[in-house]
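Below, each chain spelled out in residue letters.
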Amino acid sequence: MSFAPTPSQTVGPFYGYALPFAGGPEVAPAGHPDTITLHGYVYDGAGDPVPDALIETWQPAPDGSRTGAPGSLRHDPVTGEVVGRDGVTFTGFGRVPTDPDGHFAVRTLPPGGVAYISITVFARGLLHHLFTRAYLDPSGDALLDSLAPERRATLVAAPEPGSPATYRFDIRLQGEDETVFLEFT
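Values in this document were obtained by computation on a predicted structure and should not be read as measured data.

Caption draft 1: Fine view of the packing of aromatic side chains. This model, assessed by the stated rule, comprises four aromatic pairs. Pairing Y41 with Y43 gives two aromatic rings, centres 6.0 Å apart and planes at 25 degrees, and the pair type is stacked. Residue Y41 is classed as partly exposed on the basis of its relative accessible area of 23%. With centroids separated by 4.4 Å and ring planes inclined at 50 degrees, the aromatic side chains of W58 and F93 adopt a geometry described as tilted. Residue W58 is located in strand β2 (residues 54-58), and its partner F93 is located in strand β5 (residues 93-97); the two are separated by 35 residues in the primary sequence. The class of W58 is partly exposed, set by a relative accessible area of 44%. For F93, a relative accessible area of 13% corresponds to the buried category. Just above the ring of Y116 sits the side chain of R133; from NZ or CZ to the centre is 4.0 Å.

Okay, structure coming up:
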């Protein structure tokens, strides 16, 4: 007797239990004068906010280095759990869950050497996480230049009027204005 393989199943939403950590959205060292905020909403295919997604950001330091800073996360000496950042060191990595309205916000520094912040999206209904980019400066990038203008717009973070250090980047998981997602092989 042979059996058909069991179909894949989605995982979650369990992100709130193990992945978020204290200070996850605070990538920039506390009080740094060059801090910028990247925020937005995650929407599903029906245009409804996704209240239980998890957003990771990855980027180089302002000087363009990509080595990160090991040891900047503080751990509880008894349990070993991550209890937050040290508040001083820039690692280039952020992780934040969306709130009940599907909103996320990350405070970071401008990336050096590239015009974007890399983003990974984890959400219910996804078999695999999704990769995209939030471009702070859309000029002269080979990937952006290769896209049709309407698709290119899904990767560009818009500066908030009256707040030059704040950018809005909404992520649409499906639909007519679906965000461009990248495939890495």
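And the narrative resumes.
Caption draft 2: Representation of the sheet that holds strand β8 (residues 130-135) in the model. Here four strands make up an open sheet; going across it, the order is β5-β2-β7-β8 and the pairing antiparallel. Edge strands, defined here as strands with exactly one partner in the open sheet, are β5 and β8. Direction aside, the axes of adjacent strands within the sheet are offset by 25 degrees on average. Sheet topology places β2 next to β5; five bridges connect them, and they run antiparallel. Across the sheet, W58 pairs through a bridge with F93, a residue of β5.

Reading guide: rules and limits
Residues numbered from 1 in each chain as written. Predicted model: local features only at pLDDT ≥ 70, side-chain atom pairs only at ≥ 80, totals over all residues. Heavy atoms only, no water. Phe/Tyr/Trp six-rings, centres within 6.5 Å; stacked < 30°, edge-to-face > 60°. Buried < 20%, exposed > 50% of the residue type's maximum accessible area, 1.4 Å probe, protein only. Helix = DSSP H or I, 4+ residues; strand = E, 2+ residues; numbered from the N terminus. Lys NZ or Arg CZ within 6 Å of the ring centre and 35° of its normal. Pairing = 2+ DSSP bridges. Axes fitted to C-alpha atoms, helices over the stretch in contact; angles between N-to-C directions.

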